[in-house]
Amino acid sequence: MKIISENKAFGGVQGVYSHASEACACEMTFAVYMPPQAENGPVPVLWYLSGLTCTHENAMTKAGLQAHAAEFGIAIVLPDTSPRGESVANDDAYDLGQGAGFYVNATQAPWSPNFQMETYVASELRDLVTEKFAVSVHHGITGHSMGGHGAMTLAMKYPGHYQSLSAFAPIANPTQSDWGRKQLGAYLGSAEESWSANDASLLLKERGWSGDILIDQGADDQFYDLLKPESLVTALVETKTAHSYRLQKGYDHSYYFVSTFARDHVAWHAERLKG
């Protein structure tokens with residue numbers, strides 16, 4: 001693991017690091033915020049997965065998570081959204097290829113050699129973070145948009161990995177959305193039955209979630225129709241999953257929305273991870 005930068009912030013350390021990823025077969029960059037409480041021993045950790053076109057840097061600089069993490073004494077891990085590099089497959093569209101990994105393990109060419117983001121986040125990077133940083137065994141996961149999709153699907157696929165779950169405006173039903181059908185078809189192939197394991201609304205009905213879930217959605221989100229929130233609400237109700245679904249009037253899809261409600265999410269996770 002290489003240190004790219006480390007800066008003191010709110011009494012803790014905001015770091016950016018890189019490492020050679022076996023899962024993605026390229027150099028991967030990620031960020032970790034360690035709160036001041038980590039000086040006294042391991043702290044719980046919240047994974048934040050970002051959305052389309054983002055890197056680790058977007059939430060690191062725009063979401064304001066560090067102040068809240070320092071307040072509640074939890075670490076924040078911010079992975080990249082995809083593999084990157086000249087040898088990594090890409091597409092001219094913003095919503096496919098580099099910056100748009102969708103947190104799945106690709107099975108189709110030319111994506112499969114590198115686009116193994118499910119394994120990378122849930123296994124490889126998790127192992128690296130727990131080895132190199134003073135974090136406890138208590139992990140939560142959240143994310144925004146494509147990252148909200150990733151947070152929910154990974155939490156349900158790896159229930160022992162995460163003890164708390166939330167999302168900001170998640171892509172909730174990608175098998176029925178243009179933000180999903182295109183990408184799942186490219187990464188996983190045309191057999192749509194293979195897509196359902198990467199759809200939060202369908203996974204909730206199939207596998208369920210043992211805890212409760214916090215979801216914030218902007219009522220004035222410019223991508224509302226692509227996110228398919230109504231499918232997720234239906235699944236939450238049908239499965240009787242404990243949840244707090246908050247439709248926030250006047251808020252859009254931007255990081256102004258995320259930063260407004262970031263403290264609520266950090267507090268939510270801290271209560272469950274430390275309780």
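Heads up: the structure comes first, above all this text.
Residues numbered from 1 in each chain as written. Predicted model: local features only at pLDDT ≥ 70, side-chain atom pairs only at ≥ 80, totals over all residues. Heavy atoms only, no water.

1. So, the pattern of salt bridges
Put simply, the rule reads: One speaks of a salt bridge when a side-chain nitrogen belonging to Lys or Arg is within 4 Å of a carboxyl oxygen belonging to Asp or Glu. In this text, helices come from DSSP runs of H or I with a minimum length of four residues, and strands from runs of E with a minimum of two, each type numbered from the N-terminal end. To sort residues, take the accessible area from a 1.4 Å probe on protein chains only and compare it with the maximum for the residue type: under 20% means buried, over 50% means exposed, and anything in between is partly exposed.
Inspection of the entire model under this criterion finds 13 salt bridges. Here Asp95 and Lys182 are joined by a salt bridge, their closest N and O atoms 2.7 Å apart. Separated by 87 residues along the polypeptide, Asp95 in the loop between strand 5 (75-79) and helix 3 (117-132) and Lys182 in helix 5 (residues 178-188) bring together distant segments of the chain. Since its relative accessible area comes to 37%, Lys182 is described here as partly exposed.

2. Focus: the environment of Asp92
The residue Asp92 is located in the loop between strand 5 and helix 3 in this model. By relative accessible area, Asp92 is classed as exposed at 85%. Sequence separation between Asp92 and Ala186 is 94 residues; the distance between their C-alpha atoms is 14 Å.

3. Here we look at the side chain of Asp221
This is how it is decided: N or O atoms closer than or at 3.5 Å make up a polar contact, with two conditions inside protein: a donor-capable atom paired with an acceptor-capable one, and, for residues adjacent in sequence, both atoms drawn from side chains. Any two residues having at least one pair of non-hydrogen atoms within 4.5 Å are treated as being in contact.
Considering the arrangement of structural elements, one finds Asp221 in the loop between strand 8 (213-218) and helix 7 (224-227). Separated by 3.1 Å, the side chains of Asp221 and Gln217 make a polar contact. Beyond its immediate sequence surroundings of up to four residues, Asp221 is in contact with Ala169, Leu227, Tyr251, Asp252 and His253.

4. Focus on the environment of Ala122
Along the polypeptide, Ala122 turns up in helix 3. Spatially, the C-alpha atom of Ala122 lies 24 Å from that of Ala235, the residues being 113 residues apart in sequence. With residues near it in sequence (within four places) discarded, Ala122 still touches Tyr158, His161 and Tyr162.

5. Here we look at the sheet that holds strand 9 (residues 243-248)
Short version of the rule: DSSP calls a pair of strands paired once it identifies at least 2 bridges connecting them. For helices, the axis comes from a line fit to the C-alpha atoms of the stretch in contact; other axes are also lines fit to C-alpha atoms, and the angle between any two N-to-C directions lies between 0 and 180 degrees.
Reading across the sheet, the nine strands line up as 1-2-3-5-4-6-7-8-9 and stay open at both edges, with mixed pairing between neighbours. Unpaired on one side and paired on the other, strand 1 (2-9) and strand 9 mark the two borders of the sheet. With strand direction ignored, the average angle separating the axes of adjacent strands in the sheet is 20 degrees. Bridge count for strand 3 (residues 26-34) against strand 5 is four bridges, and the pairing is antiparallel.

6. Things to note about helix 8 (residues 229-238)
Which entries qualify depends on this criterion: The arc refers to the directions leading from the helix axis to the C-beta atoms.
Buried residues of helix 8: Pro229, Ser231, Leu232, Ala235 and Leu236, and no others. For helix 8, the angular spread of buried residues about the axis comes to 155 degrees, placing them on one side. In helix 8, the exposed positions angled more than 90 degrees off the buried face are occupied by Val237 and Glu238. Where the residues of helix 8 are buried, they touch helix 4 (146-157), helix 6 (200-206), strand 8, helix 7 and strand 9.

Remember, this is a structural readout, not a statement about activity or role.
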